[in-house]
Amino acid sequence: MLSSFTIHLMGDSTMAEKDLPKAGAERGWGMMFQNYLDEGATVVNYAQNGRSTKSFIDLGLWSKVQDAVEPGDYVFIQFGHNDAKESDTTRYAAPWGAYQDNLRLFVDGVRAKGGTPVLLTPLARRWFKAEGLDRGCHGDYPAAMKAVAAEKGVTLLDVTTASLDWLESLGDEASRQYFMISTGKDDNTHTVASGARKVTEMVCGLVREQIPEIAVHLIAPYDFVVSASGHGDFTTVQEAVDALPNYSHNEISTVYIRNGVYKECVSIPHTKFRVHFIGEDAERTIITNGNYAKRFWPGRDFNVGTSGSATIYIHASYITFENISFENSAGEGKEIGQAVAVFTDGDFLFFRNCRFLGNQDTLYTYGRYGKFGGIKRNYFLDCYIEGTTDFIFGTSIAYFENCTIHSKKNSYVTAASTIQGQKYGYVFKDCRLTADPGITKCYLGRPWGAYAKTVFIDCELGAHILPEGWHDWEKEGKPDTKKNSYYAEYGSTGPGAAGPRVKWAHKLKARQLKDYSFEKVMYQSNDGIVWNPYDNK
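Everything quoted here is computed from the prediction, not taken from an experiment.

K.L.:
Looking at this structure, how should I read the sheet that holds strand E3 (residues 74-78)?
P.N.:
Neighbouring strands of a sheet are bound in pairs by backbone hydrogen bonds; such pairs are parallel or else antiparallel. One open sheet accounts for 5 strands, arranged E2-E1-E3-E4-E7; its pairing is parallel. One side of each edge strand has no neighbouring strand; the edge strands of this open sheet are strand E2 (41-45) and strand E7 (155-157). Adjacent strand axes in the sheet meet at a mean angle of 25°, parallel and antiparallel pairs treated alike. Bridge count between E3 and strand E4 (residues 116-120): 4 bridges; the pairing is parallel. Bridging across to E4, Tyr-74 finds its partner in Thr-116. Each of strand E1 (5-11), E3 and E4 is contacted by helix H3 (residues 98-112), which is oriented at about 155° to E4, the strand it contacts most.

K.L.:
I would appreciate a short explanation of the environment of Gln-338 in the present structure.
P.N.:
Within the secondary structure, Gln-338 is located in the loop between strand E16 (325-328) and strand E17 (342-344). Beyond its immediate chain neighbours, meaning those up to four positions away, Gln-338 contacts Tyr-292, Ala-293, Thr-306, Ser-309, Gln-360 and Asp-361.

K.L.:
Hey, could you run me through helix H4 (residues 141-152) in this one?
P.N.:
What sets the pattern is the α-helix's 3.6 residues per turn: residues three or four places apart point alike. Taking 1.5 Å per residue, 12 residues should reach 16 Å; H4 reaches 17 Å between its end C-alpha atoms and fits that length. Taken residue by residue, H4 has Tyr-141, Pro-142, Ala-144, Met-145, Val-148 and Ala-149 as its buried positions. Taken down its axis, H4 places every buried residue within 165° of arc, on the same side. Tucked into the core, H4 has its buried residues touching E3, H3, E4, E7 and helix H5 (159-170). At the exit of H4 stands Gly-153, carrying a positive phi of roughly 70°.

K.L.:
Is there a simple way to explain the packing of H5 against helix H7 (residues 193-210) in this structure?
P.N.:
Any two packed helices are characterised by the angle at which their axes cross and by the distance between the axes. Their axes nearest at 10 Å, the elements H5 and H7 cross at an angle of 130°. Viewed along their axes, H5 and H7 adopt a mutual orientation that is oblique. Where H5 crosses over H7, the two elements pack in a sense that is right-handed. Within the contact between the two elements, H5 uses Val-159, Ala-162, Ser-163 and Trp-166 and H7 uses Lys-198, Met-202, Val-203 and Leu-206. Of the residues assigned to the contact of H5 with H7, the class counts are 6 nonpolar, 1 polar and 1 charged.

K.L.:
Looking at this model, I keep getting lost on the sheet that holds strand E8 (residues 224-226). Mind explaining?
P.N.:
If you walk across this open sheet you meet the 11 strands as E8-E9-E12-E15-E18-E21-E24-E27-E30-E32-E33, and the pairing is parallel. At either end of the open sheet lies a strand with only one pairing partner, and these are E8 and strand E33 (506-507). Pairing of E8 with strand E9 (residues 253-257), which is carried by 3 bridges, proceeds in the parallel orientation. What sits directly across from Phe-224, in E9, is Val-255.

K.L.:
In this structure, what is going on with empty space enclosed by the protein? I would like to understand it.
P.N.:
A water-sized probe rolled over the atoms picks out the places where empty space is left. Tallied over the full model, the rule gives 1 cavity of 30 Å³ or more. Along its surface, the largest cavity is lined by Gly-367, Arg-368, Gly-374, Ile-375, Lys-376, Thr-395, Ser-396, Ile-397, Ile-419 and Gln-422.

K.L.:
Can you walk me through the nonpolar core in this structure?
P.N.:
Soluble globular proteins tend to pack their nonpolar side chains together in the buried interior. Of all hydrophobic cores here, the largest spans 58 residues; its most connected members are Phe-277, Phe-321, Phe-326, Phe-351, Phe-356 and Phe-400. Among the elements that line this core, the one with the most residues is helix H9 (residues 237-243), at 3 residues. Beyond its immediate chain neighbours, meaning those up to four positions away, Phe-351 contacts Ile-314, Phe-321, Phe-326, Val-342, Thr-344, Phe-356, Tyr-379, Phe-380, Leu-381 and Cys-383. Core analysis: the next-biggest nonpolar cluster, separate from the first, contains 28 residues, Phe-76, Leu-120, Val-199 and Val-203 among them.

K.L.:
I'm lost on the layout of surface pockets in this one. Help?
P.N.:
Roughly 410 Å³ of volume is contained in the largest pocket. Contributing to the lining of the largest pocket are 15 residues, with Leu-37, Asp-38, Glu-39, Tyr-222 and Tyr-256 lying nearest its centre. Of all the secondary structure elements, the ones that give two or more residues to the lining of the largest pocket are E2 and strand E12 (275-279). Taken together, the residues of the lining of the largest pocket break down into 6 nonpolar, 5 polar and 4 charged. A volume near 160 Å³ is recorded for the second largest pocket. What lines the second largest pocket is simply Glu-489, Tyr-490, Gly-491, Ser-492, Ala-497, Ala-498, Gly-499, Arg-501, Val-502, Ala-505, His-506 and Lys-507. Residue assignment for the lining of the second largest pocket shows that the elements contributing at least two residues are strand E32 (486-490) and E33. In the lining of the second largest pocket, the residues fall into 5 nonpolar, 4 polar and 3 charged.

K.L.:
Even after reading the chapter, I still don't get the state of the cysteines, so can you show me in this structure?
P.N.:
By definition, a disulfide links the sulfur atoms of two cysteines through a covalent bond. Overall, the coordinates contain 0 disulfides when judged by the stated rule. We note that Cys-459 lacks a disulfide partner, and the nearest cysteine sulfur, in Cys-431, lies 4.6 Å from it. Taking the relative accessible area as the measure of exposure, Cys-459 reaches 0% and is therefore buried.

K.L.:
I keep staring at the packing of aromatic side chains and nothing clicks. Help me out?
P.N.:
In this description, a pair of aromatic rings is defined by centroid distance and the angle of the planes. In the structure shown here, the tally under the stated rule is 48 aromatic pairs. Each ring, one from Tyr-247 and one from Phe-273, has its centre 5.9 Å from the other, and the planes form 75°; the classification is edge-to-face. Here Tyr-247, found in the loop between H9 and E9, pairs with Phe-273, found in the loop between strand E11 (266-268) and E12; they are 26 residues apart in sequence, far enough to count as distant. A relative accessible area of 45% means that Tyr-247 is categorised as partly exposed. Between Phe-343 and Tyr-364, the ring centres sit 5.2 Å apart and the planes meet at 80°, which makes this aromatic pair edge-to-face. A residue pair is termed long-range when its members are at least 10 positions apart, and Phe-343 in strand E17 and Tyr-364 in strand E20 (residues 363-365) qualify at 21 residues. A residue is classified by how much of its surface remains accessible, and Phe-343, at 5% relative accessible area, is buried. Overall, Tyr-364 belongs to the buried group, its relative accessible area being 3%.

K.L.:
Would you mind showing me how to read the pattern of salt bridges here?
P.N.:
Pairing of side chains with opposite charge becomes possible as their charged atoms draw close. Going through the model one piece at a time under the given rule, you end up with 23 salt bridges. The closest approach of N and O atoms between Asp-88 and Arg-91, which form a salt bridge, is 2.7 Å. On the basis of relative accessible area, Arg-91 is assigned to the buried category, the value being 18%. One salt-bridge network, in which partners are shared between bridges, spans Asp-101, Arg-104 and Glu-151.

K.L.:
Which parts of the structure should I look at to understand unusual backbone geometry?
P.N.:
For residues that are not glycine, phi is negative in most cases, and the peptide bond is trans in most cases. With an omega of 0°, the peptide bond running from Leu-20 to Pro-21 counts as cis. Within the secondary structure layout, Pro-21 lies in the loop between E1 and E2. A cis amide bond links Gly-499 with the next residue in sequence, Pro-500, at an omega value of 5°. Structurally, Pro-500 can be placed in the loop between E32 and E33. A positive phi is found at Asn-323, a non-glycine position, where the angle reads about 60°. With respect to the helices and strands, Asn-323 occurs in the loop between strand E15 (319-322) and E16.

Conventions we followed
- The numbers attached to residues start from 1 for each chain and follow its sequence in the written order.
- Thresholds applied to this predicted model are a pLDDT of at least 70 for local features of residues and 80 or more for the giving and counting of side-chain atom pairs; totals over whole chains, interfaces and linings are not thresholded and use all residues.
- Side-chain metrics rest on all non-hydrogen atoms present in the structure, leaving aside hydrogens and water.
- Strand pairing is assigned whenever DSSP identifies at least 2 bridges connecting the two strands.
- For the purposes of this entry, the term helix denotes a DSSP run of H or I that reaches at least four residues, the term strand denotes a run of E that reaches at least two, and both are numbered from the N terminus.
- Inter-axis angles, ranging from 0 to 180 degrees, are taken between N-to-C directions of lines fitted to C-alpha atoms, where helices are fitted over the stretch in contact.
- We call two residues contacting when some pair of their heavy atoms lies within 4.5 Å.
- A helix is expected to span 1.5 Å for every residue after the first.
- Note on classification: 1.4 Å probe, protein chains only; a residue is buried when its accessible area is under 20% of the maximum for its type, exposed when over 50%, partly exposed between these limits.
- Here the arc refers to the set of directions running from the helix axis out to each C-beta atom.
- Each angle is binned into one of four classes, with values under 35 degrees roughly parallel, values over 145 roughly antiparallel, values of 65 to 115 roughly perpendicular, and all other values oblique.
- In a left-handed crossing the near helix is turned counterclockwise from the far helix by less than a right angle, and in a right-handed crossing that turn is clockwise.
- Amino acids are sorted into nonpolar (Ala, Val, Leu, Ile, Met, Phe, Trp, Tyr, Cys and Pro), charged (Asp, Glu, Lys and Arg) and polar (every other residue, Gly among them).
- Every definition here rests on a 1 Å grid over the protein atoms only: cavities are sets of points where a 1.4 Å probe fits but cannot get out, pockets are open sets enclosed by protein on both sides within 12 Å along at least five of seven lines, and lining residues have some atom within 4 Å of a point.
- Grid points are joined across faces, edges and corners, and a volume is the space filled by probe spheres set on the points.
- Residues belong to a common nonpolar core when they are buried Ala, Val, Leu, Ile, Met, Phe, Trp, Tyr or Cys residues joined through side-chain atoms within 4.5 Å.
- The disulfide criterion is simple: two cysteine sulfur atoms within 2.5 Å.
- For Phe, Tyr and Trp, where Trp contributes only its six-membered ring, two rings pair if their centres lie within 6.5 Å, and the inter-plane angle classes them as stacked under 30 degrees, edge-to-face over 60, or tilted in between.
- One speaks of a salt bridge when a side-chain nitrogen belonging to Lys or Arg is within 4 Å of a carboxyl oxygen belonging to Asp or Glu.

Honestly, that's just the spatial picture; any functional story needs more than this.
In structure tokens, the structure reads:
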């Protein structure tokens, strides 16, 4: 098994990268290929619109590919559409003449560099006539390529036959949705994203049958891929959310979000549960928006407010987020006010290796207010959360494990609003509290609601944490917060662990730790639910 290699793609517009937004809905299947491969295989796409074997050579593209090939690499070669344009002398290559000669040149050149050439017959045109699909849409070119493959002992992936069979099985009307003709253009050659995905799946199926060295690097496809640059099913996260099935009680949908900055407000309704959102890289997969509480709703005379300012709203349950940054980019100041990055209102939400970026009120664990709202549980593992004031706040039960909690201003870290009678609020386990340079006066928390519950266990507290630790925030309409709230620590280390803490705070004993295990906090409703966040069912 090869540990790491590159697959170089040579071809025409049916395979090529597209210049967005100029290309509109058009996608080449080569744009999707990387989504089906693990980290051991890298795809580099040299295909271009309008290229034939002749023009690919004459324009210097073949030289670029040949220079880039290293021992162990593969080169996928797919031409035919433009070689057939007999009236165009810059592109025409006769099937039993120049076309075959050019293919031989490619094969020999790749082998000379220690690479492995693979020939792919051209993607079928969607040409339906009165009598049915035109299976001869490429004339002699597929046969001419097959002859070269046999002569040279080269693996051949018969995409022409596979795509003809696919189109024929669908029929005229059902196949339209996969091609540009569905957008109103008279184009039965080029695919939209869904069509490019289907073609990629065909290619992967042929690879699985014929090239075992690559087949071991094929991965189970994600249900949807989001890519701002067009290398997926959708260019926005919200489009993927909207396409998810409603009320999926048994099946988990997977959404892969490729690196990029997604400037949008995302809303996941309660009907879209059991979803796993996976970012390509936490620092480079960023969902961001710049709404803020003091902003007026467009065309209205009232403010957005805290709850209306979020970048992403999560109303569904059983949702996992991994390797994603959530940001509110509004900034900080009196004219901005609160600016939420993430608003959680679902039960059993799991955030793993995610980043929460903002200022005041970054992470809003909203839950549901009132005794009939039900318990809402959130789990944050290996996450980074930053902000200025009350940047982790709300009603939900939340368990933070091995997270970095970063203060950007002298203020308050948490502002829990735990519902009266609810046993747990926020639990921080093995977390690190850090701060920007010059930040020296931060409280661990204050009670947004009178019955706030926040506990820190075995956490490392930076020097920015004040000795008193907690603030009571008592004011009119919210008396007795010292009596009704519950703030506690166990095993705190670091300069911020030094006291003395306020007298009404608690110091847990070792025997009490069992009450703050992950299982106890998450399953304390005694409703028979046992939640495994790693499959999130």
